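# Structure assessment
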Amino acid sequence: MKPFAYARPADVAEAVRDVAAEPNAVFLAGGTNLVDHLKLGVARPDLVVDVRTLTSREVTDLPDGGLRLGAASTNSEVAADRRVLERYPVLAQALLAGATGQLRNTATTGGNPLQRTRCVYFQDVTTPCNKREPGSGCTAVGGYTRYHAVLGTTSALPDPTAAETCIATHPSDMAVALAALDAQVQVLGPRGERTVPFTELHRLPGDDPSRDTTLEHGELITAIDLPPLPAGTRSAYRKVRDRASYAFALVSVAAVISGEDVRIALGGVAHKPWRATRAEELLRGAELTDAAVRTAMEAELAAAQPQPGEGGGNGFKIPLVNRTVVATLRALTSEGQS
Ligand SMILES: Cc1cc2nc3c(=O)[nH]c(=O)nc-3n(C[C@H](O)[C@H](O)[C@H](O)COP(=O)(O)OP(=O)(O)OC[C@H]3O[C@@H](n4cnc5c(N)ncnc54)[C@H](O)[C@@H]3O)c2cc1C
Ligand code: SF4
């Protein structure tokens, strides 16, 4: 492991100043992702700034009826919170679908959405990877693509030598639920505070796959706000994976039904949690029959690009995610009728 300096600042303002002043500095929260990357040589910072005890660990009521999740609240604490269970079951279900009890006891609200891709080549420092080492190329194209993206990619077979190529997916379950809930991210940075809509926190690879998010260097997540939901809102998270626990999503679906509105976010299919806005438009006010949902999802997935690769590639994800959305909405609507 490359040696690095370690700092435990007194407060969030000092933590932001410390990271902003050192171009190769990172924040440390629960460490369940970052520490692995330090050991593997994937992350090679000069300075690690520990923020675990600096941000709030509380889940608090907001005046508008929403909830604020302090960035240091653990995934276990949020999943067990009575208000989350009653009002935002999609979030509790997504959290409980992730990792293991021990990991969830340590992983935080701030760190979970910022965990990095599980692309095997990203974690293998012997292989070219534009995300880890900009400009080196992308080993995943034509390689092991089972966990890779089908949406938001440039083509069915991107150029593996091009500096902008990356077909990685974002691995967080929590982030998919937060995207469907239209959560808001509270950020403190060198230029002060700002609020980032959760759907704008993550980015597609564009011309710089090394950047996962729209956060600037030194910006710290201090809390994530869940907006209030109208009475009668129903929500659920469904995750499809290779084994029943301790596995990342092949595909996942977070769905929220409020009156005539249906919000759908997809995991395991893109570089960011993917809001299925085309399908949402088609389903607004419609009767949510299996056929209507399937057709809306076909429209959403029309631009999907399956990636070839070892073991048959990842084209299976396109019908799989469609079926998973149908099953999730069917369960939610039959629940509402019972
Ligand atoms: C074996 C294993 C299985 C897993 N399975 C799943 C799974 O099925 N589903 C799933 O969703 N996750 C899974 N995870 C990932 C786990 O959920 C994440 O590692 C965890 O949520 C990261 O949170 P953390 O607080 O430990 O972050 P850290 O590891 O401390 O940090 C992660 C990143 O976020 C940055 N960061 C942390 N806090 C802040 C902040 N407040 N502001 C700005 N930047 C910050 C850090 O600099 C770092 O880049 C798994 C992990 C392991 C090890
Ligand atoms: S898909 Fe992205 S993370 Fe994976 S090897 Fe290619 S550039 Fe790296």
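Look up a bit, the structure's there.
## Quick notes on the pattern of salt bridges
Applying the stated criterion across every chain, the model contains 18 salt bridges. The shortest N-O distance in the salt bridge between arginine 82 and glutamate 86 comes to 3.7 Å. Within this pair, arginine 82 and its partner glutamate 86 are both found in helix α4 (residues 82-87), separated by four residues, close to a single helical turn. Here arginine 263 and aspartate 182 are joined by a salt bridge, their closest N and O atoms 3.2 Å apart. Here aspartate 182 lies in the loop between α7 (173-180) and β6 (184-189) and arginine 263 lies in strand β11 (residues 261-267), a separation of 81 residues in the sequence. We classify arginine 263 as buried; its relative accessible area is 15%. One connected set of salt bridges, linked through shared partners, spans Asp61, Asp81, Arg83 and Arg87.

## A few points about helix α5 (residues 89-96)
Most of α5 sits out of view: six of its eight residues are buried. Residues of α5 that are buried: Pro89, Val90, Leu91, Ala92, Ala94 and Leu95.

## Notes on the site of ligand 2
The full set close to ligand 2 counts 14 residues, and Cys119, Cys129, Cys138, Cys166 and Ile167 are the nearest of them. Among the cavities detected, the one that contains ligand 2 is the second largest cavity. Along the lines of polarity and charge, the residues of the shell around ligand 2 split into nine nonpolar, four polar and one charged.

## Describing unusual backbone geometry
Residues other than glycine seldom take positive phi values, yet alanine 99 does so here, at roughly 55 degrees. Mapped onto the secondary structure, alanine 99 falls in the loop between α5 and α6 (101-106). For alanine 99, a relative accessible area of 38% translates into the label partly exposed. Positive phi, normally seen in glycine, also occurs at aspartate 182, with a value near 55 degrees. Look at aspartate 182 and you get partly exposed, because its relative accessible area is 28%.

## Section: the sheet that holds strand β2 (residues 25-28)
Spatially, three strands are ordered β1-β3-β2 in an open sheet, and the strand pairing comes out parallel. Each end of this open sheet is capped by a strand with a single partner; those strands are β1 (5-7) and β2. Across this sheet, the average inter-strand angle for adjacent strands is 25 degrees, counted without regard to direction. One ladder, built from three bridges, connects β1 with strand β3 (residues 47-50); its direction is parallel. Within β3, the residue paired with tyrosine 6 across the bridge is valine 48. Contacts between helix α1 (residues 12-21) and the sheet are confined to β1, β2 and β3, with β2 contributing the most and set at about 150 degrees to the helix.

## Let's talk about helix α9 (residues 290-300)
Listing the buried residues of α9 in full gives Val293, Ala296, Met297 and Glu300. Down the axis of α9, the buried side of the element spans an arc of 100 degrees, and every buried residue falls inside it.

## Describing the site of ligand 1
In the neighbourhood of ligand 1, 30 residues make up the surrounding shell, with Phe27, Gly31, Thr32, Thr108 and Asp173 lying closest. Within the backbone of alanine 99, a nitrogen or oxygen atom sits 3.0 Å from an oxygen atom of ligand 1. One nitrogen or oxygen atom from the side chain of asparagine 112 is found 3.4 Å from an oxygen atom belonging to ligand 1. In the complex, the protein chains occlude 92% of the 970 Å² of accessible area that ligand 1 would expose alone. If you list the elements that add at least two residues to the shell around ligand 1, you get β2, α2 (34-40) and β8 (220-226). Split by residue class, the shell around ligand 1 holds 14 nonpolar, 12 polar and four charged.

## Quick notes on the packing of α5 against α7
Orientation of α5 relative to α7, taken along the N-to-C sense of each, is 165 degrees, at an axis distance of 8 Å. Regarding the angle of α5 to α7, the classification is roughly antiparallel. For the element pair α5 and α7, the recorded crossing hand is right-handed. For the pair α5 and α7, contact is made by Val90, Leu91, Ala94 and Leu95 and by Asp173, Met174, Ala177 and Leu178, respectively. Taken together, the residues of the contact of α5 with α7 sort by class into seven nonpolar, no polar and one charged.

## Quick look at the sheet that holds strand β10 (residues 251-258)
The strands that make up a sheet pair up through hydrogen bonds in the backbone, lying either parallel or antiparallel. Strands sit in the order β9-β10-β11-β12 across an open sheet of four strands; the sheet is antiparallel. Lying at the two open borders of the sheet, with one neighbouring strand each, are β9 (234-240) and β12 (274-275). Bridge analysis of β10 against β11 gives seven bridges, and the strand direction is antiparallel. From the neighbouring strand, serine 258 faces β11, where its bridge partner is aspartate 261. Contacts from α7 reach β9, β10, β11 and β12, with the element oriented near 160 degrees to β11.

Procedures and definitions
- Residues numbered from 1 in each chain as written.
- Chains lettered and ligands numbered in written order.
- Predicted model: local features only at pLDDT ≥ 70, side-chain atom pairs only at ≥ 80, totals over all residues.
- Heavy atoms only, no water.
- Salt bridge = Lys/Arg side-chain N within 4 Å of Asp/Glu carboxyl O.
- Helix = DSSP H or I, 4+ residues; strand = E, 2+ residues; numbered from the N terminus.
- Buried < 20%, exposed > 50% of the residue type's maximum accessible area, 1.4 Å probe, protein only.
- Near = heavy atom within 4 Å.
- 1 Å grid on protein atoms, 1.4 Å probe; cavity = no way out; pocket = protein on both sides within 12 Å on 5 of 7 lines; lining within 4 Å.
- Sits in = over half its atoms within 2 Å of the grid points.
- Nonpolar A, V, L, I, M, F, W, Y, C, P; charged D, E, K, R; others polar.
- Pairing = 2+ DSSP bridges.
- Axes fitted to C-alpha atoms, helices over the stretch in contact; angles between N-to-C directions.
- Contact = heavy atoms within 4.5 Å.
- Arc of directions from axis to C-beta.
- Polar contact = N/O pair within 3.5 Å; in protein donor to acceptor, adjacent residues only side chain to side chain.
- Areas by Shrake-Rupley, 256 points an atom, 1.4 Å probe, with all protein chains shown as cover.
- Parallel < 35°, antiparallel > 145°, perpendicular 65-115°, else oblique.
- Left-handed = near helix turned anticlockwise from the far one by under 90°.

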